[in-house]
Amino acid sequence: MSGDSLFEQHVVHAMVVPDERSMIEACHKRFAASFEAAHIDGWVAIAVDSEDQGHAFKPASRCWLLEMGRNSQAFLREQHDYRFLQAPSARDAIATLRKEMPGWHIDSVVDVDRLAHERGWRLTRSEADALPDMCQVARYIRFDRMAPALPLLEAMGGVSKD
């Protein structure tokens, strides 16, 4: 919650961290004091490799994250969802999504390969034209219940040390 909002405000944030514990600590440090009842709803972990010094960024087929939305009289607010697609361009990713999800519009398009490259990383793929290796996690972690940071979560089995 922030300001006089009636509903949660969601922040989608990209970071490179070695493990879940580091991600949770980084989010706690960055957002816990900024929002009332700040928490994590979930995350997508994408495997990355160190970018070679001489490796040129190759935008042939990239991973795109699309935020989409739709309005209807059945809902007070706009519905949102997110989708990862592998495509040669943002235009191709948008066209694919529009065919697969009629009635939804595109709110945001993120070139995940470029985002990783700008931070000195390369997305790990099992095949050249496949989506990167990723793992989606739905886990609710309230920052105000973290005392003093993570030992309590570890004792409850809520955070992996791997």
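Calculation notes
- Residues numbered from 1 in each chain as written.
- Predicted model: local features only at pLDDT ≥ 70, side-chain atom pairs only at ≥ 80, totals over all residues.
- Heavy atoms only, no water.
- Pairing = 2+ DSSP bridges.
- Helix = DSSP H or I, 4+ residues; strand = E, 2+ residues; numbered from the N terminus.
- Axes fitted to C-alpha atoms, helices over the stretch in contact; angles between N-to-C directions.
- Buried < 20%, exposed > 50% of the residue type's maximum accessible area, 1.4 Å probe, protein only.
- Contact = heavy atoms within 4.5 Å.
- Polar contact = N/O pair within 3.5 Å; in protein donor to acceptor, adjacent residues only side chain to side chain.
- pLDDT = per-residue confidence, 0-100.
- Phe/Tyr/Trp six-rings, centres within 6.5 Å; stacked < 30°, edge-to-face > 60°.
- Arc of directions from axis to C-beta.
- Salt bridge = Lys/Arg side-chain N within 4 Å of Asp/Glu carboxyl O.

1. Observations concerning the sheet that holds strand 3 (residues 62–70)
In any sheet, the strands associate via hydrogen bonds between backbone groups, in a parallel or an antiparallel arrangement.
Phase 1 of the analysis: Strand order in the open sheet formed by 3 strands is 4-3-5, and the pairing between neighbours is antiparallel. The outermost strands of the open sheet, each flanked by one partner alone, are strand 4 (79–87) and strand 5 (105–111). Here the strands of the sheet are splayed against their neighbours by 25° on average, with no regard to which way each runs.
Phase 2 of the analysis: Across 9 bridges, strand 3 lies against strand 4 in antiparallel orientation.

2. Remarks on the environment of His-80
Phase 1 of the analysis: Within the secondary structure, His-80 is located in strand 4.
Phase 2 of the analysis: Here His-80 falls in the partly exposed class, since its relative accessible area comes to 39%.
Phase 3 of the analysis: Once the C-alpha coordinates of His-80 and Ile-106 are considered, the two residues, 26 residues apart in sequence, prove to be 9.6 Å apart.
Phase 4 of the analysis: Sequence-distant contacts of His-80, that is, excluding residues within four places in its chain, are made with Glu-67, Met-68, Gly-69, Trp-104 and Asp-107.
Phase 5 of the analysis: A polar atom in the side chain of His-80 sits 3.2 Å from the side chain of Glu-78.
Phase 6 of the analysis: Within the structure, His-80 has its side chain in polar contact with the side chain of Asp-107 (distance 3.1 Å).

3. Observations concerning the confidence of the model for the protein
Phase 1 of the analysis: On average, residues of the protein carry a pLDDT of 84, and 85% of them reach 70 or more.
Phase 2 of the analysis: Ranking the elements of the protein by mean pLDDT puts helix 4 (residues 151–155) last with 49 and helix 2 (residues 90–100) first with 96.

4. Regarding the packing of aromatic side chains
Phase 1 of the analysis: A complete count under the given rule lists 1 aromatic pair for this structure.
Phase 2 of the analysis: Ring centres of Phe-31 and Phe-35 lie 6.4 Å apart, and the angle between their planes is 40°; this geometry places the pair in the tilted category.
Phase 3 of the analysis: Given the relative accessible area of 14%, Phe-31 is considered buried.

5. Remarks on helix 2
Phase 1 of the analysis: All of the buried residues in helix 2 are Ala-93, Ile-94 and Leu-97. Taken end-on, helix 2 shows its buried residues confined to a sector of 95°, consistent with a single buried face. Exposed positions of helix 2 whose direction lies more than 90 degrees from the buried face are Arg-91, Arg-98 and Lys-99.

6. Focus on the pattern of salt bridges
Phase 1 of the analysis: All told, the structure shown has 6 salt bridges when counted by the stated rule.
Phase 2 of the analysis: Between Glu-100 and Arg-83 there is a salt bridge, with its nearest N and O atoms 2.6 Å apart. Placement of the pair is Glu-100 in helix 2 and Arg-83 in strand 4, with a sequence separation of 17 residues.
Phase 3 of the analysis: Residue Glu-100 is classed as partly exposed on the basis of its relative accessible area, which comes to 44%.
Phase 4 of the analysis: Judged by relative accessible area, which is 26%, Arg-83 ranks as partly exposed.
Phase 5 of the analysis: We note a salt bridge from Asp-144 to Arg-142, for which the minimum N-O separation is 2.5 Å.
Phase 6 of the analysis: Its relative accessible area of 51% is what places Asp-144 among the exposed residues.
Phase 7 of the analysis: Accessibility expressed as a relative area gives 22% for Arg-142, which makes it partly exposed.

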